[in-house]
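# Structural characterization, general
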Amino acid sequence: ALIGIFSSDAVLTADAVPALKQYFAAFIFMDLQYIGQTVFKSLNKKKQAIFFSLLRKVFIVVPLTYLMPYVLHMGTDGVFLAEPVSNVIGGSLCFITMLILLKKVQEDIYRNRFGRYLPVFVAIHTIKRVRFPFFAALHSKRAAGGSFCR
C-alpha cells in the first residue's frame, strides 16, 4: 500500500516489498543506539555519542554496502541487508557501552563522588521516590507490624 503512493507499477511493487522487509528487518536495534546516544549526550560524553553515530553509518554501513554485494555475492540483497547488519552491530555496541558507563556512574554516586553526576543522582532518587509510592506504603505498613492482606 505504501509503495502504491509512489508508483502503480506491479513489477516495482513486487520487487520493493521484499527489499523493504530486508531493510527494516532489524530496525529495533537502531533504538538501542538512540538510547545510548541520548544517555551519552545527557552525561556530557559527546565523544562517545559522535563515535557511535559515525561507527554505524560510516564505518559499518559503507563497507558492508560494498562488501556484501560483491565479496559475498549477494547482489542487491546485500545492499539492503547492510543496514540491518549495521543496526545490530552498532546498536548493540552502543547499548553495551552505555550500560558499562551507567554502572560506573552508579558506582561514583554510591561512593559519594557526585561531582558532575549530581543531576543524575537527583533524578534517580526522585524516580525511585515518585514512581513507586505504592510499594513504599506497603513496605512501611508491613514494617510497622500491620498486615496489608485483610
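See above for the structure.
Residues numbered from 1 in each chain as written. Predicted model: local features only at pLDDT ≥ 70, side-chain atom pairs only at ≥ 80, totals over all residues. Heavy atoms only, no water.

Its 35 residues place the ends of helix α4 (residues 76-110) 52 Å apart at the C-alpha level, agreeing with the 51 Å of an ideal helix rising 1.5 Å per residue. Along α4, the helix axis deviates most sharply at Ala82, where the bend reaches about 30°; the proline Pro84 sits within four residues downstream. (Helix = DSSP H or I, 4+ residues; strand = E, 2+ residues; numbered from the N terminus. Expected span 1.5 Å × (residues − 1). Bend = angle between axes of the 7 residues up to and from the residue.)

Quick look at unusual backbone geometry now. The phi torsion at Asn44 lies on the positive side, around 60°, for a residue other than glycine. Looking at the element boundaries, Asn44 is found in the loop between α2 (28-42) and α3 (46-70). Of the residues examined, Asn44 reaches a relative accessible area of 52% and is grouped as exposed. The backbone of His73 sits at a positive phi, close to 55°, despite the residue not being glycine. With respect to the helices, strands and loops of the structure, His73 is situated in the loop between α3 and α4. Owing to a relative accessible area of 67%, His73 belongs among the exposed residues under this scheme. (Buried < 20%, exposed > 50% of the residue type's maximum accessible area, 1.4 Å probe, protein only.)

For the rest of this paragraph, the subject is the environment of Ser42. The residue Ser42 is located in helix α2 in this model. Within polar-contact distance, the side chain of Ser42 engages the backbone oxygen of Val39 at 2.9 Å. (Polar contact = N/O pair within 3.5 Å; in protein donor to acceptor, adjacent residues only side chain to side chain.)

Counting residues in each nonpolar core, the largest one holds 15 residues, and the members touching the most others are Phe40, Leu43, Phe52, Leu64, Leu101 and Val105. If you list the elements that add at least two residues to this core, you get α2, α3 and α4. (Core = buried A, V, L, I, M, F, W, Y, C linked by side-chain atoms within 4.5 Å.)

Right, let's get into the packing of aromatic side chains. Working definition: an aromatic ring pair is given by the centre-to-centre distance plus the angle between the planes. Evaluation of the coordinates by the stated rule reveals four aromatic pairs. Both rings, one in Tyr23 and one in Phe24, keep their centres 4.9 Å apart while their planes meet at 85°; by these two values the pair is edge-to-face. The class of Phe24 is partly exposed, set by a relative accessible area of 40%. Taken together, a centroid distance of 5.7 Å and an interplanar angle of 10° make the contact between Phe40 and Phe52 stacked. Of this pair, Phe40 sits in helix α2 while Phe52 sits in helix α3, placing them twelve residues apart in sequence. In this structure, Phe40 and Phe52 share a single accessibility class: buried. Here the aromatic cluster, defined as three or more aromatic residues joined through ring pairs, consists of Tyr23, Phe24 and Phe27. (Phe/Tyr/Trp six-rings, centres within 6.5 Å; stacked < 30°, edge-to-face > 60°.)

The geometry of α2 relative to α3 is characterised by a closest axis approach of 7 Å and an angle of 160° between their N-to-C directions. One way to sum up the angle between α2 and α3 is to call them roughly antiparallel. Considering the relative orientation of α2 and α3, their crossing is left-handed. Only Lys46, Gln48, Ala49, Phe52, Ser53 and Arg56 of α3 make contact with α2, whose side of the interface consists of Met30, Gln33, Gln37, Phe40 and Lys41. Each residue belonging to the contact of α2 with α3 can be placed in one class, and the counts come to four nonpolar, four polar and three charged. (Axes fitted to C-alpha atoms, helices over the stretch in contact; angles between N-to-C directions. Parallel < 35°, antiparallel > 145°, perpendicular 65-115°, else oblique. Left-handed = near helix turned anticlockwise from the far one by under 90°. Contact = heavy atoms within 4.5 Å. Nonpolar A, V, L, I, M, F, W, Y, C, P; charged D, E, K, R; others polar.)

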